[in-house]
Amino acid sequence: MRWLWIDKFVEFTSRTSATAVKNVSLAEEHLHDLYPDFPIMPHSLIIEGMAQTAGILVGEARNFSEKVILAKIGRATFHRLVRPGDTLYYFARISQLNEAGASIEGVVRAGADAASPLVAEIELMFSHIDKNLAGAAFPEHNFVFSDQFRDLLGNYRSGAQIPL
Amino acid sequence: MPMSHDEVYKKVQGVLVDALGVDAEEVTPKAKLREDLGAESIDFLDIVFRLEKAFTTDPAKPFKIPRGELFPDDLPTLMNDERYVKDGKITPEGLAELKKRMPYSDFTEFDKNPTMETASSLLTVETVVNYMQSKVGQ
């Protein structure tokens, strides 16, 4: 399985905001792990979806030159359960950004517009680890942003369509 | 418009409650950020972000805290310097350097026994309030 918890971007404004979509399918194993016969998407993975949406937004802000890691979940409030067949929209907005990191205000809805049911409100903080852990050595290459993550953004920007 | 000490204090208190998940009653002027309120290294960046947001009144002119001005981030490097720390004790030169970098902290108690172990006690709620007061106070 690939550790990808968003399917595509539908909006991306550099250094400002991003919106990603996740289609929740009954075929996904994780839905069945919490309660037998009552599949739901775990809250932790909804947070991960927001972290991936926002992490790419924060990474792109500095042209993926920083190793961006999720440093803190400031707040995560959940308003409804997510069930198979739901489509999640992750709305991430950069609240603060500097050389040391960034903070994010995120909203998750079960639909594209502001009137869609509210799933969660999530505040995250990201750290540029090379700038914050003085003395700690990390690999030179940027291990945070794999090709899979960059492809998500690349596909949005190129409007990737493969004609049949 | 300049803010009163009480206004600054209330805002700082709110920021620390949100950033550190503590109760407002715990956020007293003398409370130490690490020892009493449980702040860890990453929380200091969070506090800076939240202060910037809380003290921004005009979105066109966001309030910014220059890196290292409120919480010096090169102290570990500094404290590896033999001129400043010898056998765990901070030397007079080290103390002078600390005071230069942390002008908003109260050194009265620390002066009596300046060691590396007690250095984090220099960061209190009052330190943050003093800093903010110097920026936006009357």
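If you're wondering where the values come from, they're calculated on a predicted model, not measured in any experiment.

Our focus in this paragraph is the nonpolar core. Within the largest apolar cluster, 63 residues are counted, with the highest numbers of intra-cluster contacts made by Met50, Tyr90 and Val108 of chain A. It is helix H1 (residues 43-61) of chain A that contributes the most residues to this core, 8 residues altogether. In terms of domain composition, this core takes at least three residues from each of domain 1 (1-67 + 123-138) and domain 2 (72-122) of chain B. Not counting residues within four places of it along the chain, the set of residues in contact with Met50 of chain A comprises Tyr90, Ala92, Gly106, Val108, Ile122 and Leu124 of chain A.

Quick look at the confidence of the model for chain A now. Scored by pLDDT, chain A has a mean of 90; 91% of the residues are at 70 or more. For chain A, the element scoring lowest by mean pLDDT is helix H2 (residues 129-132) of chain A, at 74; strand S2 (residues 17-23) of chain A scores highest, at 98.

Residues and elements named next belong to chain A. Most of strand S6 (residues 118-128) sits out of view: 9 of its 11 residues are buried. With 9 bridges joining them, strand S3 (residues 68-78) and S6 adopt antiparallel strand pairing. By the bridge assignment for S6, Ala76 is matched with Ile122.

Quick look at the environment of Gly88 of chain B now. Note that Gly88 of chain B resides in the loop between strand S1 (85-86) and strand S2 (89-90). Spatially, the C-alpha atoms of Gly88 of chain B and Tyr131 of chain B are 28 Å apart, while their sequence positions differ by 43 residues.

This next bit is on the sheet that holds strand S1 (residues 8-13) of chain A. All names here are of chain A. Judged by pairing direction, the sheet is antiparallel, and its 6 strands sit side by side in the order S1-S2-S4-S5-S6-S3 without closing on themselves. The sheet is open, and its two borders are formed by S1 and S3, each paired with just one other strand. Going across the sheet, the axis of each strand differs from the next one's by a mean of 20°, ignoring polarity. Of the pairings in the sheet, the one linking S2 to strand S4 (residues 87-98) comprises 7 bridges and is antiparallel in character. Within S4, the residue paired with Ser17 across the bridge is Arg93. The strands touched by H1 within the sheet are S2, S3, S4, strand S5 (101-109) and S6, with S4 carrying the most contacts at an inclination of about 45°.

Cut-off values and rules
- Residues numbered from 1 in each chain as written.
- Chains lettered and ligands numbered in written order.
- Predicted model: local features only at pLDDT ≥ 70, side-chain atom pairs only at ≥ 80, totals over all residues.
- Core = buried A, V, L, I, M, F, W, Y, C linked by C-beta atoms within 7 Å.
- Buried ≥ 20, exposed ≤ 12 C-beta atoms within 10 Å, placed from the backbone.
- Helix = DSSP H or I, 4+ residues; strand = E, 2+ residues; numbered from the N terminus.
- Domains from an automatic or database assignment.
- Contact = placed C-beta atoms within 7 Å.
- pLDDT = per-residue confidence, 0-100.
- Pairing = 2+ DSSP bridges.
- Axes fitted to C-alpha atoms, helices over the stretch in contact; angles between N-to-C directions.

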